[in-house]
Amino acid sequence: MTQQDKVVIFDTTLRDGEQSPGATMTHEEKLEIAGLLDDMGVDIIEAGFPIASEGDFAAVSEISKRAKTSTICGLARANFKDIDRCWEAVRHAKSPRIHTFIGTSPLHRAIPNLDMDQMAERIHETVTHARNLCDNVQWSPMDATRTEHDYLCRVVEIAIKAGATTINIPDTVGYTYPMESAKIIRMLLERVPGADSIIFATHCHNDLGMATANSLAAVEAGARQIECTINGLGERAGNTALEEVVMAMKVRNDILPFRTGIDTTKIMGLSRRVATVSGFAVQFNKAIVGKNAFAHESGIHQDGMLKNRETFEVMRPEDVGLTGTSLPLGKHSGRAALRAKLKELGFDLADNQLNDVFVRFKALADRKKEVYDDDLIALVSDEQTNDAHEFLQLKKLRVICGTEGPQEAEMVLTIDGKDHHIDATGDGPVDAAFMCVKMLFPHKARLQVYQVHAVTEGTDAQATVSVRLEEDGRIVTGSSADTDTIVASTKAYINALNRLIIRRQKTAPGEDVKTVSYHGE
Ligand code: KIV
Ligand code: ZN
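Summary of the structure given here. (Residues numbered from 1 in each chain as written. Chains lettered and ligands numbered in written order. Predicted model: local features only at pLDDT ≥ 70, side-chain atom pairs only at ≥ 80, totals over all residues. Heavy atoms only, no water.)

All right, on to the site of ligand 1 then. Taken together, Arg15, Asp16, His99, Phe101, Ser140, Met142, Pro170, Thr172, His203, His205 and Tyr518 make up all the residues around ligand 1. Between an oxygen atom of ligand 1 and a side-chain N or O atom of His205, the distance comes to 3.0 Å. Against a free-state accessible area of 260 Å², the protein chains account for coverage of 98% of ligand 1. Broken down by secondary-structure element, the contributors of at least two residues to the shell around ligand 1 are helix H1 (13-17), strand E4 (96-103) and strand E5 (137-142). (Near = heavy atom within 4 Å. Polar contact = N/O pair within 3.5 Å; in protein donor to acceptor, adjacent residues only side chain to side chain. Areas by Shrake-Rupley, 256 points an atom, 1.4 Å probe, with all protein chains shown as cover. Helix = DSSP H or I, 4+ residues; strand = E, 2+ residues; numbered from the N terminus.)

Below, the structure written as structure tokens:
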């Protein structure tokens, strides 16, 4: 394989993915995800949109300082102020990139009311400005797949001449299909002078479920950078899923003879972590990372699998970091067994973290005969999400529920280190418990999403609960796991409130809602 066969992986989980309503991550979570992406071998991390908020700026700056091998990129609209702010954030990176864009389709040109010539001039000026700051500049004609072909060729040529080193072709609304996606890249390579001196990227949204196919078709036609997110996170139906394109090129290397720098065994760990911190659970039948992606339930399949696993599997679970089904742990399992199992699952915990997890594992094993891999994953994720030093902590909860309402809850909630006691009734046990929290810690946050999932089978299964709250435009998610669904629900609610408290301190009402318009200044 030559350099020509390398497909650059550009991850935009922290920018386009985080734009998904409710997927907002805390500063620390963004740093953690960026570190994991760097370790996995992602070539370029789009860490945020620095002008969009103080939070984005701080995250992009810090990620830039910490990055080991990945290039760190920030997004900027086509104006000097955005580009300067972006450069201020990414310039700390060993390898920085500025990504500037403007909507070039007729629909997008109409909003800033620029005619074709005025827009061409704007592109020339802004790409030149970016290139004067940074020698790695990416330019995107937003909504490229709905832009007139002649105009697309014209503006791409202008951006190349102004110094862009990567030209990204976004399918902003997930409108294209594979043959067309390939045709556009081929056309640009054939018609635009200088096209052979830069890298073409593909950036697909999944509105019609074709993002992966469209990205791979673009690569076949000559694109050498794929923009994607973990779990396909992103606005509306999401972006191209990193795990899908990377595994497709690995599994079908016979017809897609390309290579990436991704350590695919890190995929599962990242997928779980992104699901937890974004509050966007992975659908069970999601390709590669879904809970059922390697599960073979039907008797016919199980029989075939036992004889030869290749009968029903195109890749091995280990290739994406899923360990084979191994024996569950129980209450007699010791610390060493727990450490080994967690390592197998991709969690390399420090000694003090392991001690905390061990205490919780023992408590869980007392309640549950067998502790499965998924139980441990839920437990560790909960430990990482719900810090013991939070402002609000659930100390005690008793609930009376049954066919005769109203249901009652009695709670002790620790607020800033001090215990507070209350009783409340509600329309169901969860409502009663949430009412207690609301009475002890009054707030205006509205519950937007409340989701419960059983981690494993059986009536003693742990439940993982995620909630999403909205207050004055600030959206936060919280999650928790417990064998008691009401406890998990209450802890998830409290977790979201703790995040809201932090968010309130960092932003004025409405400020962290990314209201910056893609067309504004
Ligand atoms: O989908 C899109 O067009 C984008 C651009 C900002 C590159 O995300
Ligand atoms: Zn996008």
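Helix length check: helix H16 (residues 429-440) (12 residues) gives 17 Å between terminal C-alpha atoms against 16 Å at 1.5 Å per residue, within 8%. Considered for burial, the residues of H16 that qualify are Val430, Ala432, Ala433, Phe434, Cys436, Val437 and Leu440. (Expected span 1.5 Å × (residues − 1). Buried < 20%, exposed > 50% of the residue type's maximum accessible area, 1.4 Å probe, protein only.)

With that out of the way, let us pick up the pattern of salt bridges. Here the idea is simple: oppositely charged side chains can pair when their charged atoms come close. Tallying each qualifying case throughout the model produces 32 salt bridges. Residue Glu18 pairs with Lys30 through a salt bridge whose shortest N-O separation is 3.6 Å. Residue Glu18 is located in the loop between H1 and helix H2 (27-40), and its partner Lys30 is located in helix H2; the two are separated by 12 residues in the primary sequence. Pair check on accessibility: Glu18 and Lys30 agree, each one buried. Among the ionic pairs, Arg236 bridges to Asp207, the shortest N-O distance being 2.6 Å. Residue Arg236 is found in the loop between strand E8 (225-228) and helix H10 (242-251), and its partner Asp207 is found in the loop between strand E7 (199-204) and helix H9 (211-221); the two are separated by 29 residues along the sequence. A single salt-bridge network, built from bridges that share partners, covers Arg15, Asp16 and Glu46. (Salt bridge = Lys/Arg side-chain N within 4 Å of Asp/Glu carboxyl O.)

Let us look at the coordination of the zinc ion (ligand 2). At 2.0 to 2.1 Å from the zinc ion (ligand 2) lie its protein donor atoms, namely Asp16 (OD), His203 (NE2) and His205 (NE2). Sequence spacing among the residues donating to the zinc ion (ligand 2) works out to D-x186-H-x1-H. Note that Asp16 is positioned in helix H1 and His205 in the loop between E7 and H9, a separation of 189 residues in sequence. In this structure, Asp16 and His205 share a single accessibility class: buried. (Donors = N, O, S within 2.8 Å, 3.2 Å for Na, K, Ca; no water.)

Turning our eyes to something else, we now look at the sheet that holds E4. Strands pair in a sheet through their backbones, by hydrogen bonds, and they do so in one of two ways: parallel or antiparallel. Here we have eight strands rolled up into a closed barrel, ordered E1-E2-E3-E4-E5-E6-E7-E8, and parallel in their pairing. Pairs of neighbouring strands in the sheet enclose a mean axial angle of 25°, with direction left out of account. With three bridges joining them, E7 and E8 adopt parallel strand pairing. Its bridge partner lying in E8, Ala201 is registered against Gln225. (Pairing = 2+ DSSP bridges. Axes fitted to C-alpha atoms, helices over the stretch in contact; angles between N-to-C directions.)

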